Amino acid sequence: MNNSKNIQHYDINFHASSLENEVGFLFSNTDSPAHVHEGFAEFSLITAGEWEHIFEGVSRRLKKNCLIYLGVDTLHTLNPCVQGSNHFTFFFKEEYLRKTITQFFPNNLGILTAKYKETILPPNVSTFLLYEAHKMIGSRTSYNHAIEFQNYMHNLIYFMFFEENIHSESSTKNKHGYTLRTFFDNYMFLDEPLSTVYNLFPISPATLIKQFENETGQTIAQYRNDKRLEYASLLLKDYKMTIIDVANKVGISSPSHFSAEFKKKFGISPKEFAKRHVI
């Protein structure tokens, strides 16, 4: 299977090669006999109805907004219980999973030995994850596609394993501020209004903003601007995009404003920065 162009799911090709076969995906509403995805771990999000999931002889009833994780080479079945049930699944090659965990969660490599985990997501979070997944799948030719996938992978791992306990490095008072910071780290170009983002949290926007500023020492606008400029430096260095294209890509419509902000942060103009990284 590692050498094939497509991952097979009961003799159905559901995904042509993407990121050198490190990632696959499936939207399903049908029965799945007992099976193993060789060399791949999977994250499945129940998007409608109810599903019976059987793993190691244990049957579970999974409902909408449930996110499950299955480790590499695990044997399981996932079958719809009612009409209209469906789920969205991402498959990640073991090496890709390890790379993502090493980059974002270097002290938590034990995740790689996990066989099964499940969590219930807030409806807005579940909807947002599905929206982002469809957006990525529909734009596989973008310059930053690999980065988008890895950020999405980070988000899945975060909600699955760390939503409740990753805040050890942050005070309990700033728990939601830390989560919002992580959210902006992954979705700095979110087109949705901030009010939509605020609705993902069980506290008032004013309290959330205060926690965020206590956590980062910056306003939301300052923090997002810094992240945009950091991403711009990556595009100039690794993707050889023009300055105008980079400015548009990171959401700063005025090239002159972009150049001024870039120089303020990095000490040199984006043009000079790009020249220094010519191979």
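See the structure printed just above.
Model, not experiment: these values are computed from the prediction. (Residues numbered from 1 in each chain as written. Predicted model: local features only at pLDDT ≥ 70, side-chain atom pairs only at ≥ 80, totals over all residues. Heavy atoms only, no water.)

### Some details on empty space enclosed by the protein
Reasoning step 1: A complete count under the given rule lists 4 cavities of 30 Å³ or more for this structure.
Reasoning step 2: When its volume is computed, the second largest cavity comes out at roughly 50 Å³.
Reasoning step 3: Every residue lining the second largest cavity is listed: Phe43, Ser44, Leu45, Leu67, Phe88, Phe90, Tyr152 and Leu156.
Reasoning step 4: Among the elements that make up the lining of the second largest cavity, the one with the highest residue count is strand 5 (residues 40–48) (3 residues).
Reasoning step 5: Classifying every residue of the lining of the second largest cavity by side-chain character gives 7 nonpolar, 1 polar and no charged. (1 Å grid on protein atoms, 1.4 Å probe; cavity = no way out; pocket = protein on both sides within 12 Å on 5 of 7 lines; lining within 4 Å. Points joined across faces, edges and corners; volume = space filled by probe spheres on them. Helix = DSSP H or I, 4+ residues; strand = E, 2+ residues; numbered from the N terminus. Nonpolar A, V, L, I, M, F, W, Y, C, P; charged D, E, K, R; others polar.)

### Re the sheet that holds strand 5
Reasoning step 1: In space, the 5 strands of this open sheet follow the order 3-10-5-8-11, with antiparallel pairing throughout. Bordering the open sheet on either side are strand 3 (23–28) and strand 11 (116–120), each of which pairs with just one other strand. In this sheet, adjacent strand axes meet at a mean angle of 15 degrees when their direction is disregarded.
Reasoning step 2: Packing against the sheet, helix 1 (residues 94–104) makes contact with strand 3, strand 5, strand 8 (66–70) and strand 10 (86–93), and its axis sits at approximately 85 degrees to strand 10.
Reasoning step 3: With respect to the sheet, helix 2 (residues 123–137) is in contact with strand 3, strand 5 and strand 10, its orientation differing from that of strand 10 by roughly 60 degrees. (Pairing = 2+ DSSP bridges. Axes fitted to C-alpha atoms, helices over the stretch in contact; angles between N-to-C directions. Contact = heavy atoms within 4.5 Å.)

### So, the sheet that holds strand 4 (residues 35–36)
Reasoning step 1: The antiparallel open sheet is built from 4 strands, whose spatial order is 4-9-6-7. Two strands bound the open sheet, and with one partner strand each, they are strand 4 and strand 7 (58–63).

### Quick word on the packing of aromatic side chains
Reasoning step 1: For the coordinates displayed, the defined rule picks out 17 aromatic pairs.
Reasoning step 2: Ring centres of phenylalanine 262 and phenylalanine 266 lie 4.6 Å apart, and the angle between their planes is 40 degrees; on these two criteria the pair is classed as tilted. Taken as a pair, phenylalanine 262 and phenylalanine 266 lie in helix 9 (residues 255–266) at a separation of 4 residues, close to a single helical turn.
Reasoning step 3: The partly exposed category is assigned to phenylalanine 266, whose relative accessible area is 31%.
Reasoning step 4: A ring pair is formed by phenylalanine 262 and phenylalanine 273, whose centres lie 5.4 Å apart and whose planes are at 75 degrees; its orientation type is edge-to-face. Of this pair, phenylalanine 262 sits in helix 9 while phenylalanine 273 sits in helix 10 (residues 270–276), and the two are 11 residues apart along the sequence. Phenylalanine 273 carries the same exposure label as phenylalanine 262, and that label is buried.
Reasoning step 5: These aromatic residues form a ring-pair network of at least three members: Phe27, Phe43, Tyr69, Phe88, Phe90, Phe92, Tyr96, Phe149, Tyr152 and Phe161.
Reasoning step 6: For the cation-ring pair, lysine 265 lies above phenylalanine 266, with the distance from its terminal atom to the ring centre recorded as 5.6 Å. (Phe/Tyr/Trp six-rings, centres within 6.5 Å; stacked < 30°, edge-to-face > 60°. Buried < 20%, exposed > 50% of the residue type's maximum accessible area, 1.4 Å probe, protein only. Lys NZ or Arg CZ within 6 Å of the ring centre and 35° of its normal.)

### Focus on the pairing of strand 7
Along a regular strand, successive side chains alternate from one face of the sheet to the other.
Reasoning step 1: Here strand 6 (residues 50–55) runs beside strand 7; their pairing, made up of 6 bridges, is antiparallel. Its bridge partner being in strand 7, histidine 53 is matched across the sheet by arginine 60.
Reasoning step 2: From the end of strand 6 to the start of strand 7, which pair antiparallel, there are 2 residues, and glutamate 56 there has a positive phi angle of about 55 degrees.

### What about the side chain of arginine 181?
Reasoning step 1: Mapped onto the elements of the fold, arginine 181 is located in helix 4 (residues 175–186).
Reasoning step 2: Of the residues examined, arginine 181 reaches a relative accessible area of 19% and is grouped as buried.
Reasoning step 3: A polar contact of 3.3 Å, which involves the side chain of arginine 181, links it to the side chain of glutamate 215. (Polar contact = N/O pair within 3.5 Å; in protein donor to acceptor, adjacent residues only side chain to side chain.)

### What to know about unusual backbone geometry
Reasoning step 1: Backbone geometry places asparagine 65, a non-glycine residue, at a positive phi of 75 degrees.
Reasoning step 2: In this structure, asparagine 65 sits in the loop between strand 7 and strand 8.
Reasoning step 3: A residue is classified by how much of its surface remains accessible, and asparagine 65, at 12% relative accessible area, is buried.
Reasoning step 4: Non-glycine residue aspartate 73 carries a positive phi angle of around 60 degrees.
Reasoning step 5: Residue placement: aspartate 73 occurs in the loop between strand 8 and strand 9 (75–80).
Reasoning step 6: Residue aspartate 73 is classed as partly exposed on the basis of its relative accessible area of 43%.

### Structural notes on a negative patch on the surface
Reasoning step 1: Among the surface-exposed residues, Glu38, Asp73, Glu94 and Glu95 lie close enough to one another that they form a single negatively charged patch.
Reasoning step 2: Note on placement: glutamate 38 falls in the loop between strand 4 and strand 5. (Patch = residues over 30% accessible without salt bridge, like charges linked within 9 Å, V, L, I, M, F, W, Y side chains within 5 Å. Areas by Shrake-Rupley, 256 points an atom, 1.4 Å probe, with all protein chains shown as cover. Salt bridge = Lys/Arg side-chain N within 4 Å of Asp/Glu carboxyl O. Lys, Arg positive; Asp, Glu negative; His and termini not counted. Charge placed at Lys NZ, Arg CZ, Asp CG, Glu CD.)

### Overview of the nonpolar core
Nonpolar side chains tend to gather and get buried jointly when the protein is soluble and globular.
Reasoning step 1: Among the nonpolar cores identified, the biggest contains 44 residues, and Phe43, Phe90, Phe92, Leu97, Ile157 and Leu180 are the most heavily contacted of them.
Reasoning step 2: No other element matches the 10 residues that helix 3 (residues 145–162) contributes to this core.
Reasoning step 3: Those residues in contact with phenylalanine 92 that sit more than four places away from it in its chain are Glu22, Val23, Gly39, Phe40, Ala41, Phe43, Met153 and Leu156.
Reasoning step 4: Formed by 15 residues, the second largest nonpolar core is a distinct cluster that contains Tyr231, Val246, Ile268 and Phe273. (Core = buried A, V, L, I, M, F, W, Y, C linked by side-chain atoms within 4.5 Å.)

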